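Structure assessment
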Amino acid sequence: MAILKIAKMGNPVLRAPAQEVPDPTQPQIRALVSDMVETMVDAGGVGLAAPQVHVPLRIVIFHPPPDGAKEEGEDGEPDAEEGAEEGADPGRLTILINPKIEPLTDEQAFGWEGCLSVPGLRGVVPRFTRIRYTGFDINGHPISVEAEGFHARVVQHECDHLDGMLYPQRMTDLRLLGFNDEFDRHPLDLGPSDADEDEDAAAHAAAAEPASAEDQPAKG
Ligand code: NI
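Summarised in this report is the structure supplied together with it. (Residues numbered from 1 in each chain as written. Predicted model: local features only at pLDDT ≥ 70, side-chain atom pairs only at ≥ 80, totals over all residues.)

1. Quick word on the pairing of strand S6 (residues 121-128)
Quick note on the threshold: Here a residue counts as buried when 20 or more other C-beta atoms sit within 10 Å of its C-beta, as exposed when there are 12 or fewer, and as partly exposed otherwise, the C-beta atoms being derived from the backbone. Strands here mean DSSP runs of E at least two residues long; helices mean DSSP runs of H or I at least four residues long; both are numbered from the N terminus. Between any two strands, at least two bridges found by DSSP are needed for them to pair.
Within S6, 6 of the 8 residues are buried, which leaves it mostly tucked inside the rest of the structure. Summarising the sheet, S6 and strand S9 (residues 177-179) pair through 3 bridges and their orientation is antiparallel. Bridged to Arg 122 within S9 is Gly 178.

2. Some remarks on helix H1 (residues 27-43)
Spelled out, the test is: Expected span, for any helix, means 1.5 Å times one less than how many residues it has. The arc under discussion is defined with respect to the helix axis, by the directions toward the C-beta atoms.
Across its 17 residues, H1 extends 24 Å between first and last C-alpha, which sits within 8% of the 24 Å expected from 1.5 Å per residue. Where H1 is concerned, the buried positions are Ile 29, Val 33, Met 36, Thr 39 and Met 40. Projected onto a plane normal to the axis of H1, the buried residues spread over an arc of 125 degrees and lie on a single side. Turned more than 90 degrees away from the buried face of H1 sit Pro 27, Ala 31 and Asp 42, all of them exposed. Backbone geometry just after H1 places Gly 44 at a positive phi near 75 degrees.

Below you can see the structure in the form of C-alpha cells.
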C-alpha cells in the first residue's frame with residue numbers, strides 16, 4: 001500500500017487516452033487499485049482515475065453517492081437499490097475497469113465539480129443526468145449500473161480522465177471556473193437579481209448547486 005503522487009493539469013498523462021486493461025484480475029491491477037484507494041482517501045476525493053496517478057490504464061474508482069443507483073448486474077445485491085435510495089452505504093467503493101458510459105437521456109444538468117488534478121479550483125459543468133455504465137470489477141465480473149444525478153456526474157467525470165479530458169474542457173461558461181477560496185468568499189448569488197447584469201451566468205448558476213464553504217464540490 002502506498003499513497004501515490006497525483007498528476008496535475010498540464011501533465012501529459014492527463015491528456016493521453018488510457019489503455020484497456022487486458023486482465024482485470026492480475027495481481028498488479030489489484031495492487032494498483034489498492035494504492036489508488038489509499039491515495040483517494042488521503043486526498044479527500046470522491047473518485048480517482050488511474051491516469052491521475054500516472055498510470056495510463058482504464059481504471060476508475062469512486063464512492064457511489066447516496067442519491068440513487070440501480071444495480072442491474074446478476075451479481076447485484078437484491079437490496080442494492082433500496083440501500084442506495086436510503087443512502088445507507090454511501091461509503092461503499094466502486095472499482096470500475098474498462099468502463100463504458102451510455103447516456104440514457106439527452107438531458108444535461110449544470111453542477112459544481114472539482115478535481116484532485118486541478119487543485120484549488122471548482123467550476124460549473126454540464127453532465128448527462130442519467131447514464132448506464134458498464135465494465136468489470138476487480139474479480140473480472142461484469143458491472144452494469146444505471147445512475148443519475150450526482151452519482152452519474154462523478155462517473156462521467158472519472159471516465160473523462162480515461163479519454164484525456166478534464167472538467168474545465170467540458171465547461172460551457174469559463175466565467176464559472178474559479179478558486180475555491182474566492183467562491184467561498186463571494187458565493188454566486190443564485191437569486192433573480194443577477195439576471196440583469198449577467199444573464200448567462202445566472203442561468204447556469206441557477207441550475208447548479210449553490211457554492212459555499214459548507215458545500216464544497218466533490219473532487220475526483
Ligand atoms: Ni478529476
